[in-house]
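Listed below are the residues making up each chain.
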Amino acid sequence: MAEAVPVRCPACLRENGYTAPVFPCACGSPVHPPLDLTAPPLPLTHRTWSDTWVTVRCESCGRESEWPYPELGCGSCGTVVRLPVHPVGGMDPARRPDARRGRAEDGAETPPSGASTHPGTETRSGADPEGGGAAAGRGPVAADSPDASPPPPAGPVRVPRPAFRPVTIRTARDAVATAALYLRWLGFQDVRQPDGRPIPSAAVDLRAPGLVAQVDPTTAPAGLRAVECVWLNGLTASATSVYFALAGYTEAARARADDLGIPLFVMDLTGMPQPVNDPADELIGAGA
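Residues numbered from 1 in each chain as written. Predicted model: local features only at pLDDT ≥ 70, side-chain atom pairs only at ≥ 80, totals over all residues. Heavy atoms only, no water.

Draft legend 1. Seen up close, the sheet that holds strand 11 (residues 211-216). The sheet built from five strands is open, its strands ordered 10-11-12-13-14 with mixed pairing. What marks the edges here is a single partner per strand, and that holds for strand 10 (204-208) and strand 14 (273-275). Shown here is a sheet whose adjacent strand axes are inclined to one another by a mean of 25 degrees, direction ignored. Inspection of the sheet shows strand 12 (residues 240-245) paired to strand 13 (residues 264-267) by three bridges, in the parallel sense. Each residue of the ladder has a partner; that of Phe-244, found in strand 13, is Phe-265. Lying over the sheet, helix 4 (residues 224-237) contacts strand 10, strand 11, strand 12 and strand 13, oriented at roughly 160 degrees with respect to strand 11. (Pairing = 2+ DSSP bridges. Helix = DSSP H or I, 4+ residues; strand = E, 2+ residues; numbered from the N terminus. Axes fitted to C-alpha atoms, helices over the stretch in contact; angles between N-to-C directions. Contact = heavy atoms within 4.5 Å.)

The following block contains the structure:
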């Protein structure tokens, strides 16, 4: 867990304790935004979707992912401040995974040109490639020979994902952030709210390559029209359609989603999305 640090409110000068949130990297290691304690916190007076996320590099695998920007509400005056974070390029080079790998490989001797990388074998310069040795003179290995290598496995090998770590939902913005985190956990990259003028609707759009999702943070069940709209948007973009709702769905909406193959998820206040239908179960199993 990240260490708690004191943060002074720029409005009332009161110190508040803050602990940076810890997020799960795709490799399973915990990551947290590296706070820049030398820079003062900035009052948050205007919020945009693109400024809500910050790029964080995992110290274990080097993967760069976007996570919610660290923010803190003052317990005295209520001012919301944004905590500065070290940029990805400003990370200590000695702590980067590629630097650690480079140091580990410094002691390995590079074989000379023309030499085999396998121990116990060598390649002579100028040797006849057609019949220069016993190994080269052998014909093709029969399929039933003991030396024949097994065929590669059919289909891609799926790597199991670590457990999803939910974020408590207190506001509509928390519901949208939780849905975005869950979609990233499923494997969708660059999940964002699209730019441009928002559509007059209670549901919030989320987009990613190959994905069209909607999040309904209201207290009314999502209806048939909402499910059909997200399906049409996904059909237009040739993308997967996904729907998240806090209050569940009407019977007509669930039946229509089953017919169209739209994954439906319901979120409780603990921030853990739950699949509602079979397409949602299939999406969890297969991922993006």
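Text resumes after the structure shown.
Draft legend 2. Expanded view of the nonpolar core. Core analysis: the largest hydrophobic core is formed by 42 residues, its most contacted members being Tyr-18, Leu-183, Phe-188, Leu-206, Val-215 and Phe-244. In terms of residue count, helix 3 (residues 172-186) provides more of this core than any other element does, nine residues in total. (Core = buried A, V, L, I, M, F, W, Y, C linked by side-chain atoms within 4.5 Å. Buried < 20%, exposed > 50% of the residue type's maximum accessible area, 1.4 Å probe, protein only.)

Draft legend 3. Layout of unusual backbone geometry. Notably, Leu-13 is not glycine yet its phi reads approximately 65 degrees, a positive angle. Structurally, Leu-13 is set in the loop between strand 1 (4-8) and strand 2 (15-19). Assessed through its relative accessible area of 53%, Leu-13 is described here as exposed. One non-glycine residue, Ser-238, lies in the positive phi region at around 55 degrees. With respect to the helices and strands, the residue Ser-238 is situated in the loop between helix 4 and strand 12. Take Ser-238: its relative accessible area is 69%, and that puts it in the exposed class.

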